[in-house]
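Fold and contact review
Each chain, written out:
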Amino acid sequence: MEQHALRHLIHSVASAVIAHAEQLTALDQAIGDGDHGINMKRGCEAVLADLDRLAAHALPAALKATGTVLVMKVGGASGPLYGTLFMTMGKELPEAPSHADVVRAFGAAIEAVRKLGKSDAGQKTLLDVLLPVHAELAAGAQDFATRLPRRAAEAAEATVPMKAIRGRASFLGERSIGHMDPGARSAALMVAALCAALAPEDKP
Amino acid sequence: MSNVGIVIVSHSPKVAEGAADMVRQMVGDSVPLAWTGGNPEGGLGTDVARILEAIDHAWSEAGVAILVDLGGAETNSEMAVEMLDDIRRSRVVVCEAPVVEGAVIAATEASGGSPLADVRRVAEELSPA
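Residues numbered from 1 in each chain as written. Chains lettered and ligands numbered in written order. Predicted model: local features only at pLDDT ≥ 70, side-chain atom pairs only at ≥ 80, totals over all residues.

Describing the interface of chain A and chain B
With 16 residues of chain A at the contact, the number on the chain B side is 15 residues. Elements represented by at least two residues in the side of chain A that touches chain B include exactly helix H3 (36-49), helix H5 (59-73), helix H6 (78-92) and helix H7 (99-117) of chain A. Residue composition of the side of chain A that touches chain B, by class: 6 nonpolar, 6 polar and 4 charged. (Contact = placed C-beta atoms within 7 Å. Helix = DSSP H or I, 4+ residues; strand = E, 2+ residues; numbered from the N terminus. Nonpolar A, V, L, I, M, F, W, Y, C, P; charged D, E, K, R; others polar.)

This is the structure in structure tokens:
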């Protein structure tokens, strides 16, 4: 991937999260401790502040470096979880990945997140977006820029009736039902921003 | 010092410091001890960089037991352990135990020279199965 395209990609994803910080906070206030928006914003602002350095790397190293910034700066559980997602993608991807490479690397990254979070599908977490998006991506690359964000949005919506088992929301038990999981929402946001930046017609 | 070290990680620096005070009252200086709390901006949360510093500060050749409060403190502590070198990583555990009681009982066990596995076990016995 060319450097300006990589820069555009990182910038788009971080900016999308920052732009939705208040919404993420509102979702987290409903079922958690209300810091998801501000934490993710802090991490993404640190990524933007470091954008020149991050985008100077080839894709794998840039993903690893971005993940490390998130781990060190977010300050909540989402830092290590998203950080691990990006760091593992960076470890697994070659410099010029094929569709099959991306499917495999994304799968490995989700597995690493699942292990760190000791969580699984159906527990009202970001995994409930990442796993269906991975399945959708594995089904084929054609038209991904429309299909993946749609699948991500549906999957985030599907966390509303789920009961939280992990994280702060699990203390609420049944009362966590009826709200979208903030981590699922931030994952869907990132998928949408990533696809928009990678969409063929949107190439800078 | 060859006793197991104790690290206390809370979202709140006040909770972490208060728990550390209680540990010190029990075991004095016989156990290496460090605490950290708060996000990188000083608000409620946890910070991987400062957890790594705390592990370094409480380092013992016998290993380090980390006591944590809520979810993010656990995830960030596990991330910090992941980032240690191979030798240190094998000697650090994150205990599934209540942070205050766990820290006090783990430190008391450590002060008697118990190995890391025993320190962890007594702390985790406090948690409902």
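Thoughts on unusual backbone geometry
Residues and elements named next belong to chain A. Look at lysine 118: it is not a glycine, yet its phi comes out positive at around 45°. Locating lysine 118 in the fold gives a position in the loop between H7 and helix H8 (127-138). In the Ramachandran plot, aspartate 143 falls in the positive-phi region, its phi being about 60° despite a non-glycine side chain. With respect to the helices and strands, aspartate 143 occurs in the loop between H8 and helix H9 (144-157). Using a count of 9 C-beta atoms within 10 Å as the deciding quantity, one classes aspartate 143 as exposed. (Buried ≥ 20, exposed ≤ 12 C-beta atoms within 10 Å, placed from the backbone.)

A look at the nonpolar core
The biggest cluster of nonpolar side chains holds 101 residues, and the ones touching the most others in it are B:Ile6, B:Ile8, B:Ala65, B:Ile66, B:Leu67 and B:Ala106. Ranked by residues supplied to this core, first place goes to helix H10 (residues 182-198) of chain A with 10 residues. For B:Ala106, the contacting residues outside a window of four places in its chain are B:Ile6, B:Ala65, B:Leu67, B:Cys95, B:Val119, B:Val122 and B:Ala123. (Core = buried A, V, L, I, M, F, W, Y, C linked by C-beta atoms within 7 Å.)

Things to note about the confidence of the model for chain B
Detailed reading of the predicted model is not advised wherever pLDDT is low. When pLDDT is averaged along chain B, the result is 95, and 98% of the positions lie at 70 or above. Scored by ipTM, the complex comes to 0.80, with pTM at 0.90. (pLDDT = per-residue confidence, 0-100.)

Considerations on the sheet that holds strand S1 (residues 5-10) of chain B
Hydrogen bonds between backbone atoms are what pair the strands of a sheet, whose relative direction is either parallel or antiparallel. All names here are of chain B. Strand order across the open sheet formed by 4 strands is S2-S1-S3-S4, with parallel pairing between neighbours. Across the chains shown, the open sheet's two edge strands, defined by having one partner strand only, are strand S2 (33-37) and strand S4 (92-95). Pairwise comparison of adjacent strand axes, ignoring direction, gives a mean angle of 20° for this sheet. Where S1 lies against S2, 5 bridges are found, and the strand directions are parallel. The partner of valine 7 across the bridge, within S2, is alanine 34. (Pairing = 2+ DSSP bridges. Axes fitted to C-alpha atoms, helices over the stretch in contact; angles between N-to-C directions.)

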